[in-house]
Amino acid sequence: MSLFEDYHPLKGKMFQILKPDGTLHPGQTPPISDQEVLTLYQKMVFIRLADQRALMLQRQGRLGTYAPIWGQEACQVGSTVVLQKEDWIFPAFREIGAALMMGISLKNFMLYWMGNEIGSRAPDGINVMPVSIPVGTHPLHAVGTAWAAKLKGDKIVTLTYFGDGATSKGDFHEAMNFAGVYKTPTIFFCQNNQYAISVPRSLQTASKTIAQKAIAYGFDGIQVDGNDLFAVFVATKEAVEKARAGGGPTLIEGVTFRFGPHTTADDPTKYRTEKEIEPWKPLDPLARLKLYLSSKGLWREEVEQRITEEAQKEIDQAIKDAEAVPPPAPDEMFTSVFAEMTPQLKEQLEYLKSTLA
Amino acid sequence: MAKLNMVEAINLALREEMERDDRMVILGEDVGREGGVFRVTDGLQEKYGVDRVIDTPLAESGIVGTALGMAVYGVHPVAEIQFEGFLYPCLDQINNHIGRIRNRSRGRFSCPLVIRVPYGGGIHAPEHHSDSPEAILAHIPGIKVVIPSTPYEAKGLLLSSIRDPDPVIFLEPKRIYRAIREEVPEGDYTIPLGHARLVQEGKDVTVVVWGAMVREVLNASEQLKGDKIDVEIIDLRTISPMDTEMIITSIKKTGRGVIVHEAPKTCGLGAEIIALINEKALLSLQAPVERVTGFDVPVPLLKSEHYYLPNPKRIVMAVKKVMSF
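Calculation criteria
Residues numbered from 1 in each chain as written. Chains lettered and ligands numbered in written order. Predicted model: local features only at pLDDT ≥ 70, side-chain atom pairs only at ≥ 80, totals over all residues. Pairing = 2+ DSSP bridges. Helix = DSSP H or I, 4+ residues; strand = E, 2+ residues; numbered from the N terminus. Axes fitted to C-alpha atoms, helices over the stretch in contact; angles between N-to-C directions. Contact = placed C-beta atoms within 7 Å. Domains from an automatic or database assignment. Nonpolar A, V, L, I, M, F, W, Y, C, P; charged D, E, K, R; others polar. Buried ≥ 20, exposed ≤ 12 C-beta atoms within 10 Å, placed from the backbone. Core = buried A, V, L, I, M, F, W, Y, C linked by C-beta atoms within 7 Å.

K.L.:
How should the sheet that holds strand E9 (residues 197-200) of chain B be read in this particular structure?
P.N.:
Each strand in a sheet pairs with its neighbour through backbone hydrogen bonds, running either in the same direction (parallel) or in the opposite one (antiparallel). Residue and element names in this part refer to chain B. Pairing is mixed across the open sheet formed by five strands, whose spatial order is E9-E11-E10-E13-E14. Strands with a single pairing partner mark the edges of an open sheet, and in this sheet they are E9 and strand E14 (290-293). Here the average twist between neighbouring strands, direction ignored, is 25°. For strand E10 (residues 205-209) and strand E11 (residues 231-235), the ladder comprises five bridges, and the chain directions are parallel. Bridged to Val207 within E11 is Ile233. In the packing of helix H10 (residues 269-281) onto the sheet, contacts are made with E10, strand E13 (257-261) and E14, and the angle to E13 comes to roughly 155°.

K.L.:
Quick question: what am I supposed to make of the domain arrangement of chain B here?
P.N.:
Residue and element names in this part refer to chain B. Taken domain by domain, chain B holds domain 1 (3-183) and domain 2 (197-323). Inter-centroid distance (C-alpha atoms) of domain 1 to domain 2 is 26 Å. A breakdown of the residues in the side of domain 1 that touches domain 2 according to their chemical character gives nine nonpolar, seven polar and six charged.

K.L.:
I keep staring at the environment of Leu100 of chain A and nothing clicks. Help me out?
P.N.:
Residues and elements named next belong to chain A. For Leu100, the location among the structural elements is in helix H4 (residues 96-101). Take Leu100: there are 24 C-beta atoms within 10 Å of it, and that puts it in the buried class. Sequence separation between Leu100 and Ile47 is 53 residues; the distance between their C-alpha atoms is 7.9 Å. Apart from residues no more than four positions distant in its own chain, Leu100 is found in contact with Ile47, Leu106 and Phe109.

K.L.:
Help me understand the nonpolar core in this model?
P.N.:
A general tendency of soluble globular proteins is for nonpolar side chains to be buried together. Counting residues in each nonpolar core, the largest one holds 192 residues, and the members touching the most others are Ile252 of chain A together with Val258 and Val319 of chain B. Per-element tally for this core: the top contributor is helix H9 (residues 229-244) of chain A, with ten residues. With near-sequence residues (within four places) excluded, Val319 of chain B lies in contact with Val205, Ala220, Leu224, Ile229, Val231 and Val258 of chain B.

K.L.:
Hey, could you run me through the environment of His173 of chain A in this one?
P.N.:
Residue and element names in this part refer to chain A. Relative to the helices and strands, His173 is located in helix H7 (residues 170-182). By the C-beta count within 10 Å, which is 19 here, His173 ends up partly exposed. The spacing of His173 and Ala149 is 24 residues in sequence and 21 Å in space, taken between C-alpha atoms.

This is the structure:
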């Protein structure tokens, strides 16, 4: 039986390989070598520390409002690592992990959240779309790009991230529907982190799982433990290979938890208690990898220290580089709206400049 | 040379561009097998296949949102929204992404797509099939808005729109889809965006107009000859970015202006044009600029439609008003 048949959402089984105690389910094997696990663990530590630093910078007034990833690292690392360079990702606004994994520099990532659009100018060849804020509106883009690639005969896949909240949006429905009809090579990755700001998952939809919504659109859905790097890896890999071979779209629901606030402008103590958060702490994606790597003799306190120090140094440098970039000139507000500035934009820029002289 | 109506001219433009540009794709509801509810895409799926002329599910936001994804990948989508009344679900995608993706990514990603939409009243249609949303669209940064007024214009403007590197909303005045027949050349020609058309020269008053109303203004202008009033008519062609220069040059010459649009009065483009005249040619004016517009009401059903739409009588009254100020 294929993975998607075995874990058909209506069977009520969540796909998990690595348990919170760092051991594998009987009969399961790790999908990657222990060295690769260590490498990915290192990346996840980096992402978590960079994310924390962004929070800190915002509190210091050096970064604008920021949406932290804290807790969802396995969802993003496990799913991007299986993509190829030609593939595209269509993030929402919480995807520091996915962006960095795909090759966006931390410097550029920070530049965007510091309020300079230049940070969203992904380098040529790195197919990472900018942050999309209107919830649930960007999966349509992922479908369109996949569709275009399919029409052209290009064997790429697109992967789009969104939360449990987004699955209530009309555009999500339209995107899933188009993907099903045209069998586009699109991976819909829902990071079900249990909250849409303050609204809990239980109020978002009466569906027992988000994964089962795929059935209605005629394609596979699978619910995975989003905090299990191995399960995310395997499920995404299967979905990507299926899509690349012409098998159409898949919806992956990664069950995870948003440890942090919705954004730095949010105070979660208003709507959730420590008691609600406690049960999720042992399920932390980094914690279980630590346990796994320990059991393989690859993790010790010294390893953690080294990884942390290296990460902090790199983060320091990225922030230094980002803050060294001069603030944008007034022209930049006008010069990228169209391929060529219209007479109106030219005139308005001249006016603005005259007020700054 | 063949004499074509606007539907046929647009069909010809689409056919020729599909031939010339193999990255072009047409998508929308009923555009493929049926050839479009107005027959604008008639015969195209037969010629270019189901992969290039695509019947989509009934989902306007889905149509333009996926078109954005295609455009970002290098395809040239020409999406159809069946009637302007159904454009509104698309405004999220249009305002929040289509008009912004180039700016947001500082040019790394761009959106060379066209959204074609039949618009405007005068066909005794059901509710929501007679609106004019051009002012709403013109207010959105990052998109262009084009409105042809004749078959010849339609082909030339549509080809420019499809080839434009930025998103264009191409509003087709359905009232005159079949009303005008004129010579439309086969083969490539374009009419540039951002440039208005001087329909006729005149020394007494400037009338700025677009779409189906051009014909009403021409009608009014004939009547005004009897009153020895010489009307200069400017057909905007591109609503955004507007050809301000031609309007101002004309106002400086005539000193009097009338703007005609079907769209509701308040915050219609008439207001914008008067603001521009105020900025650039106030002292040339001999009279306040008049607007002949629809009303701030939903476009009524057919029994009252003749009350709503600007007509030659109202246009003549407005011209005479500015002439006798």
